[in-house]
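Listed below, chain by chain, are the residues.
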Amino acid sequence: MSEQLTAQENNKNPQTHLGHELEKWLAEADIRVGGDRPWDIQLKTSRVLEEAMSRGNLGLGEAYMDGDWEVEKLDQFFYRLLKARLDEKVVHSGLFWQLVRHRFLNLQTLQRAWQVGEAHYDLGNEFYAAMLDSRLTYTCGYWREAKNLEEAQEAKLDLVCRKLDLQPGMRVLDIGCGWGSFMSYAAQNYGIEAVGVTISKEQTAWASEHYAELPLEFRLQDYRQVEGEFDRVVSIGMFEHVGRKNLRTFMEVARRCLKPDGLMLLHTIGKNKRSSTPDPWIDKYIFPNGDLPSIGQIGDAVDGLFVVEDLHSFGAEYDQTLMAWEDNFSRAWPDIAPRLQLDERFRRMWRYYLLSCAGAFRARRTQVWQWVLSPEGVAGGYLRPSN
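All values reported here derive from a predicted model rather than from experimental measurement.

A. Focus on the overall build of the chain. Regarding its fold elements, the chain presents 15 helices and nine strands. A total accessible area of about 16900 Å² is found for the chain, and carbon and sulfur atoms account for 50% of it.

So this is what it looks like as structure tokens:
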């Protein structure tokens, strides 16, 4: 009789039922609704319940941007949520359409490829300078012996240079060069000259001005339009924007531009499952048309084009990098917000992005890989330099 009454009450008040479902769902990750621990969620409105259960992270993220819920430590909240794989237990129609879009459509055509530059990378050089290191390195740092963000990014750049065995006078192609952090470091410390391509107007302008005295050329250009021959090819943190329909094309361009005795280094974020789809909130608000590759998809892309000389995984270190970026962002916010005309909704969106991603890397749901590739195979074998 009591079970019937409970069912009747839930039918009369669907929010009560959703609330019970949400509490049960979150309890699997040791997250409490209204709890007093740093990772417990505090609800401001009942709307959060329906949004989370019906639209997954898209609904949850938008509700956070609107101030409908709070968590003291978002990174810890997402670490627990993703470690328990709770995101896989919320099935909604949006996931189906996301799967269809990415499986059957090419969302990163030559025309569409510029969208992420305009929406994300062109937010402004002043904005990114407040968050990143002095070279504006917007990729995972290497923290093995580093004490801070600056040291971690320099260690990563030097590791790439050593993996590529850079020598003075070499000509290097950087696909997705960003603000020129790798190119400037390699030119100053290893004596190379380089050509970098990016789809961001802001990045091109900043790098061209700051490194005018170095033998570097920065082009506002899609990677598919690159011509020429280079001793080395590098791509650090751009492959995530290529898309599954174009991974092979990317590798064909890299192979065409690389000398037969050259080396290529690919640094990319990756996913654990080939069949998974991009997160709809990240796709809508942060990286339009982004698509993380799996190891299998990268393997398919290099098949017959390159010999895989080395594969290095250090994705857990992106957690530290993201936390350092969020700390810089939060410290700089009172100064940059009025000058750049950024509102509270943007602040919450950006923190959600940085800290949810930190939680994902901490839970090992996303990875960072560095691949070293050669066209013909290194004679006698390739030896990764010491860390």
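B. Just the nonpolar core, in detail. Membership of the largest hydrophobic core comes to 93 residues, with the highest contact counts inside it found for Trp69, Phe77, Tyr138, Leu166, Phe182, Trp350 and Tyr353. At eleven residues, helix α15 (residues 344–362) tops the list of elements feeding residues into this core. Core analysis: the next-biggest nonpolar cluster, separate from the first, contains 28 residues, Val226, Ile298, Val302 and Trp369 among them.

C. Looking closely at the sheet that holds strand β8 (residues 307–313). The seven strands lie next to each other as β5-β4-β3-β6-β7-β9-β8, forming an open sheet whose pairing is mixed. The sheet is open, and its two borders are formed by β5 (216–220) and β8, each paired with just one other strand. Each adjacent strand pair in this sheet contributes to an overall mean axis angle of 15°, direction not counted. Inspection of the sheet shows β8 paired to strand β9 (residues 366–374) by six bridges, in the antiparallel sense. Note that in β9 the partner of Asp310 across the bridge is Val372. Along the sheet, helix α11 (residues 247–257) contacts β3 (171–175), β6 (230–236), β7 (258–271) and β9; its crossing angle with β7, the most-contacted strand, is approximately 150°.

D. Structural context of the packing of aromatic side chains. For the structure on display, the rule yields 29 aromatic pairs. Aromatic pair Phe127 and Phe329: ring centres 6.1 Å apart, planes at 70°, arrangement edge-to-face. Placement of Phe127 in helix α7 (residues 125–131) and of Phe329 in helix α14 (residues 317–340) is noted, with a sequence separation of 202 residues between them. Just as Phe127 is buried, Phe329 falls in that class too. Summarising the aromatic geometry, the rings of Tyr223 and Phe250 are spaced 5.3 Å apart at their centres and angled 55° between planes, so their arrangement reads as tilted. A residue pair is termed long-range when its members are at least 10 positions apart, and Tyr223 in the loop between β5 and β6 and Phe250 in helix α11 qualify at 27 residues. Here Tyr223 and Phe250 have matching classes, each one buried. Cation over ring: Arg80 sits above Trp39, and NZ or CZ is 3.6 Å from the ring centre.

E. The environment of Asn189, seen in detail. Mapping Asn189 onto the fold places it in helix α9 (residues 181–190). Residues Asn189 and Cys161 lie 28 residues apart in sequence; the distance between their C-alpha atoms is 9.2 Å. Within the structure, the side chain of Asn189 is placed 2.9 Å from the backbone oxygen of Tyr185, a separation counted as a polar contact.

F. Representation of the environment of Val71 within the structure. Mapped onto the elements of the fold, Val71 is located in the loop between β2 (69–70) and α4 (74–83). By relative accessible area, which is 5% here, Val71 ends up buried. Along the backbone, Val71 and Pro38 are 33 residues apart, and their C-alpha atoms lie at a distance of 6.8 Å. Setting aside residues up to four positions removed in sequence, Val71 forms contacts with Pro38, Trp39, Asp40, Ile41 and Phe77.

G. View of the pairing of β3. The buried count for β3 comes to four of five residues, which makes it a mostly enclosed element. Bridge count between β3 and strand β4 (residues 193–198): five bridges; the pairing is parallel. For Leu173, the partnering residue across the bridge sits in β4 and is Val195. Between the parallel pair β3 and β4, the chain is carried across by α9, and the sense of this crossover is right-handed. Note: β3 against β6, three bridges, orientation parallel. Looking across to β6, one finds that Asp174 is bridged to Val234.

H. Structural detail: the layout of surface pockets. Within this model, the second largest pocket holds a volume of roughly 150 Å³. For the lining of the second largest pocket, a count of residues per class yields four nonpolar, one polar and six charged.

I. Just unusual backbone geometry, in detail. One non-glycine residue, Asp30, lies in the positive phi region at around 60°. Structurally, Asp30 is set in the loop between α2 (14–27) and β1 (42–43). Located in the positive-phi region is Asp165, a residue other than glycine, with phi close to 50°. Judged by relative accessible area, which is 42%, Asp165 ranks as partly exposed.

Quick notes on the rules
- Residues numbered from 1 in each chain as written.
- Predicted model: local features only at pLDDT ≥ 70, side-chain atom pairs only at ≥ 80, totals over all residues.
- Heavy atoms only, no water.
- Helix = DSSP H or I, 4+ residues; strand = E, 2+ residues; numbered from the N terminus.
- Areas by Shrake-Rupley, 256 points an atom, 1.4 Å probe, with all protein chains shown as cover.
- Core = buried A, V, L, I, M, F, W, Y, C linked by side-chain atoms within 4.5 Å.
- Buried < 20%, exposed > 50% of the residue type's maximum accessible area, 1.4 Å probe, protein only.
- Pairing = 2+ DSSP bridges.
- Axes fitted to C-alpha atoms, helices over the stretch in contact; angles between N-to-C directions.
- Contact = heavy atoms within 4.5 Å.
- Phe/Tyr/Trp six-rings, centres within 6.5 Å; stacked < 30°, edge-to-face > 60°.
- Lys NZ or Arg CZ within 6 Å of the ring centre and 35° of its normal.
- Polar contact = N/O pair within 3.5 Å; in protein donor to acceptor, adjacent residues only side chain to side chain.
- Right-handed = clockwise from strand over helix to strand, strands pointing away.
- 1 Å grid on protein atoms, 1.4 Å probe; cavity = no way out; pocket = protein on both sides within 12 Å on 5 of 7 lines; lining within 4 Å.
- Points joined across faces, edges and corners; volume = space filled by probe spheres on them.
- Nonpolar A, V, L, I, M, F, W, Y, C, P; charged D, E, K, R; others polar.

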